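Chains, contacts and geometry: an overview
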Amino acid sequence: MSIRPKKSLGQHFLTDENIIEKIADAIPAEAGERVIEIGPGTGALTGALVRRFDDLLAVELDERAIELLHRKFEGLEIRHANVLDVDWGELSAGKSKTHVVGNLPYYITSQILFSLLAQRHHLSDAVLMMQKEVAERLVSDIRTKAYGILSVQTQLMSSPEILFPVSRQCFSPRPNVDSAMVKLTFDKGRLNCSDQHLKTVVRTAFNQRRKKLSNALKPIISKDQLPPAFDFDKRAEAWPPSEYEKLTAHFEKNGILT
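Residues numbered from 1 in each chain as written. Predicted model: local features only at pLDDT ≥ 70, side-chain atom pairs only at ≥ 80, totals over all residues. Heavy atoms only, no water.

**Regarding the overall build of the protein chain**
Our working rule: The secondary structure listing takes helices from DSSP runs of H or I that are at least 4 residues long and strands from runs of E that are at least 2 residues long, numbered from the N terminus. The reference for a compact globule is 2.2 Å times residues^0.38; the radius of gyration itself is calculated from the C-alpha atoms. Only protein chains enter the area calculation, which uses a 1.4 Å probe; residues under 20% of their type maximum are buried, those over 50% are exposed, and those in between are partly exposed. In this analysis, two residues are considered to be in contact whenever any of their non-hydrogen atoms come within 4.5 Å of each other. Surface accessibility follows the Shrake-Rupley procedure with a 1.4 Å probe radius. Residue values consider only the protein chains on display as shielding. Charge counting treats Lys and Arg as positive and Asp and Glu as negative, with His and both chain ends excluded. To locate a charge, take NZ of a lysine, CZ of an arginine, CG of an aspartate or CD of a glutamate.
For the protein chain, the count of helices and strands is 10 helices and nine strands. Computed over the C-alpha atoms, the radius of gyration of the protein chain is 20 Å, within 12% of the 18 Å expected from 2.2 N^0.38 for a compact globule of 258 residues. Its C-alpha atoms give the protein chain principal-axis dimensions of roughly 65 × 40 × 30 Å. Among the 258 residues that make up the protein chain, the fraction classed as buried is 51%. Partitioning the intrachain contacts of the protein chain with sequence separation of at least 6 by distance along the chain shows that 66% fall at a separation of at least 24. Element-wise, carbon and sulfur atoms account for 45% of the exposed surface of the protein chain, whose accessible area totals about 12,500 Å². Counting 35 positive and 33 negative side-chain charges, the protein chain places the averaged centre of each group 8 Å from the other.

Put into structure tokens, the structure is as follows:
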């Protein structure tokens, strides 16, 4: 049983059994905890999950895949939805812990990540396949080329780690890039500022990452309003995530961002 991958959905189906087992092994779910698989496709990973976890829910957009999954896995709970429209709170309601796993479509990886981060208080962790370069951004250090918006937000809102690389040879059809498996553990608690204001500050800073922060932040604050406790002579890539949280909290406290 199979379906032809759709380019419009960014479908690259995982075929390597060793990688499939490693992914399933990486999910720290215990008995009674919910596991949600994003985009199961033809069910290669789903089979390993069904064998391990008794509360599995699949979120799938492709109606062809849903029909195939129902035939392969009797009783599997499937939600027909675009993952970007998912209410993670609703899917996690009544569960002690919820774990997310999935092979993310490359073209909407960042959008899915931001969606998970925004609703992180409903989730325990997420084990995700993504393009290797995106994975490296999540864990990158300051003053590196890969460090940016995704790095700051991910590191403030979770504990990210790269678990293992995944060759392009492990998929059908074969993508043009290599991948990596990443685990996000949502253990950071609430920020000292709002998520939305943090996004505004971080994105404004990195929109002109070659400029000093005193100039890059002009769209939201004038130079005479810059608090003296921060070094605005640095560029955006030189500030650790914690500094962005502190600055955003300062702006909120002083009514600069409302």
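**So, the sheet that holds strand 7 (residues 159-166)**
So the rule is basically this: DSSP bridges decide pairing: two strands pair if at least two such bridges lie between them. Only the stretch in contact is used when a helix axis is fitted, and all axes are lines through C-alpha atoms; the angle between N-to-C directions ranges over 0 to 180 degrees.
Strand order in the open sheet made by the seven strands is 4-3-2-5-6-9-7, with mixed pairing throughout. Both edges of this open sheet fall to strand 4 (77-80) and strand 7, since each of them pairs with a single strand only. The mean inter-strand angle of the sheet, taken between neighbouring strand axes irrespective of direction, is 20°. Examined bridge by bridge, strand 5 (residues 98-103) and strand 6 (residues 125-131) share five bridges and lie parallel to one another. Residue pairing in the sheet places asparagine 103 in a bridge with methionine 129 of strand 6. The strands touched by helix 3 (residues 63-72) are strand 3 (56-60) and strand 4; relative to strand 4, the strand with the most contacts, the crossing angle is about 170°.

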